[in-house]
Protein chains: 2
Amino acid sequence: MADRVIVVHGGCGNPAAGVVRDEASYHRAMADALEAGSDVLEGGGSALDAVQAAVQSLEDCPLLNAGRGSVLTADGGVEMDASIMSGADLRAGAVAAVTGVRHAVALAREVMERTPHVLLAAAGAERLAVSAGLELCDADWFVTERQRERWMASQGTVGAVALDGSGHLAAATSTGGVGGQLRGRVGDSPLIGAGCYADDAVCAVSCTGSGEAIIRGSLAFEVAALMRIGGLALTEAGDGALRRVGALRGDAGLIAVDAAGNVAMPANTTVMHRGVVRNGGPPETAVFVTD
Amino acid sequence: MADRVIVVHGGCGNPAAGVVRDEASYHRAMADALEAGSDVLEGGGSALDAVQAAVQSLEDCPLLNAGRGSVLTADGGVEMDASIMSGADLRAGAVAAVTGVRHAVALAREVMERTPHVLLAAAGAERLAVSAGLELCDADWFVTERQRERWMASQGTVGAVALDGSGHLAAATSTGGVGGQLRGRVGDSPLIGAGCYADDAVCAVSCTGSGEAIIRGSLAFEVAALMRIGGLALTEAGDGALRRVGALRGDAGLIAVDAAGNVAMPANTTVMHRGVVRNGGPPETAVFVTD
């Protein structure tokens, strides 16, 4: 079996005074998600199933801005976006502005598998969740006391990229959006090419940060384009794409894996929760970008 | 004043038996939209205002699948998507799955001008339309007898790209989606990088066709990437990007203008309604790709 790689992130940012409270919990959240994804890969599963498993683990973690623990909208509610893409055939699914679905990434997968569409929004997406039998949760499940206290601009997002033993790549991204956002705001996370992209011939990418700047810079697709069209290596492509978003005054980070198993995890912020597991080995997790 | 160029499209497709009924009406619709955009440019207005004016004209045309005349969803309703992007500063606005707003592209402009966001969906976007004082219409206004009769898969979309006398580029795209689509389905039209992209340093692009394939191929951004990263000329970049979408079995077409005023209007279908006006001159319009 060829090399297997799973990479996850739990958002990036510039916390005040450069301090992350309860840092160990973030390392644990990354390690748990990596284990969920790695178990799939080591069992011979696909990169697609691996990124979904990893992101579902991150969605359930109340520390991270996706699924449970999502930031609150201007109305005090929770609206979630998610996407998933298969590098083998460029199939993709995504959902935007959905409420009440425990795992938005699972619903994105349903859009990909069960509909002729790529992106479903709001009530239409929720209708699919019901017909697909996905787990639904009351609003209370998503809104944590921590977010109710903060109700602040936070730029978390979670995501995963993977290379499986068959040489296939996949990416998935999920978010609760940005704190205090307008109802119906859709960020980069559910937009193929912005917050999520995968192409077996090139790389898989999941992004986090200022969603609007990431959309305007088509960050995930730009990484792939710099490699495919420009001939850059993964690290240079990731750095170059991020510079463009930085020029749009966007705080951002991304995780990426290429077809050879190379990994890049650049960010232009001080913190990005992230981690990687190779071939079922021990998880390497990090919080500060300088780690 | 430097050269001014406005280009519009009214969707592409492969009509049965290669026949377009009432072909003259499509030429007239293109000419009307070109006049609306050209009037802005010749009056010293911006590319951004020109593409909005052109697209609003196309949205009002009951023959085209955007605004009035939009195709019907699986529920028999109308849901619209639109986007607009300024090449000068890469600002962008977009709306998805909105109902009841006469000019979805005007609402996309409001998202760009009045919110910190790029994309608003469904009820959240409609709320902005009300607060911005945009013109609202009853469902009956959008649903034409012609669409009620057809209720069929149609892949129309409308769009415009422009170069203004100050050297700025802009693009806008608007659609009623695809006939019989699921509620909440979002196509390429409101997705920056997929159905719409503009960057003064490169080109402005508006796409039409199989939305899902266009999203997976990030068609509009790919044109710009092939020029910026790959050094291709506009025509080669347009053709190359379209081939990638064709490989995903997508029917598609696009209109594009670069910073030097070059225009490309390729499609892999038999028909694409389109037209161009240069420096206030006579409109050149076409229906068949071989025209």
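Residues numbered from 1 in each chain as written. Chains lettered and ligands numbered in written order. Predicted model: local features only at pLDDT ≥ 70, side-chain atom pairs only at ≥ 80, totals over all residues. Heavy atoms only, no water.

A short note on the overall build of chain A
Each helix and strand in chain A was counted, giving nine helices and 13 strands. Here chain A has a C-alpha radius of gyration of 17 Å; the compact-globule value for 291 residues is 19 Å, and the two agree. With the principal axes as the frame, chain A shows a C-alpha extent of 45 × 45 × 35 Å. Across chain A, every contact between residues at least 6 apart in sequence was considered, and the portion connecting residues at least 24 apart equals 67%. With the model as given, the accessible surface of chain A reaches about 9500 Å², and the carbon-plus-sulfur share is 49%. (Helix = DSSP H or I, 4+ residues; strand = E, 2+ residues; numbered from the N terminus. Rg over C-alpha atoms; globule rule 2.2 N^0.38 Å. Contact = heavy atoms within 4.5 Å. Areas by Shrake-Rupley, 256 points an atom, 1.4 Å probe, with all protein chains shown as cover.)

As for the packing of aromatic side chains
For the structure on display, the rule yields five aromatic pairs over all chains. Where A:Tyr197 meets A:Phe221, the ring centres are 5.0 Å apart and the plane angle is 80 degrees; that geometry is what we call edge-to-face. Taken together, the positions of A:Tyr197 in strand S8 (residues 196-199) and A:Phe221 in helix H8 (residues 219-228) put the pair 24 residues apart, joining distant regions of the chain. Residues A:Tyr197 and A:Phe221 agree in their burial class; the two are buried. Ring centres of A:Phe221 and B:Phe221 lie 5.8 Å apart, and the angle between their planes is 85 degrees; this geometry places the pair in the edge-to-face category. Here A:Phe221, found in helix H8, pairs with B:Phe221, found in helix H8 (residues 219-228), and the two come from separate chains. Classification of A:Phe221 as buried rests on a relative accessible area of 0%. Of the aromatic side chains, those joined through ring pairs into one cluster are A:Tyr197, A:Phe221, B:Tyr197 and B:Phe221. Its end group placed over the ring of A:Trp141, A:Arg68 keeps NZ or CZ at 5.4 Å from the ring centre. (Phe/Tyr/Trp six-rings, centres within 6.5 Å; stacked < 30°, edge-to-face > 60°. Buried < 20%, exposed > 50% of the residue type's maximum accessible area, 1.4 Å probe, protein only. Lys NZ or Arg CZ within 6 Å of the ring centre and 35° of its normal.)

Describing the sheet that holds strand S10 (residues 252-258) of chain A
Residues and elements named next belong to chain A. If you trace the four strands from one edge of the open sheet to the other, you get S8-S9-S10-S11, paired in antiparallel fashion. A single partner strand is all that each edge strand has here, and the edge strands are S8 and strand S11 (263-264). Each of strand S9 (203-209), S10 and S11 is contacted by helix H9 (residues 234-247), which is oriented at about 155 degrees to S10, the strand it contacts most. (Pairing = 2+ DSSP bridges. Axes fitted to C-alpha atoms, helices over the stretch in contact; angles between N-to-C directions.)

Concerning helix H4 (residues 122-131) of chain A
Along H4(A), the positions that sit buried rather than exposed are A:Ala122, A:Gly124, A:Ala125, A:Leu128 and A:Ala129. Contacts from the buried residues of H4(A) go to strand S3 (91-98), helix H3 (104-114) and strand S4 (119-121) of chain A together with helix H4 (122-131) of chain B. At the exit of H4(A) stands A:Gly133, carrying a positive phi of roughly 75 degrees.

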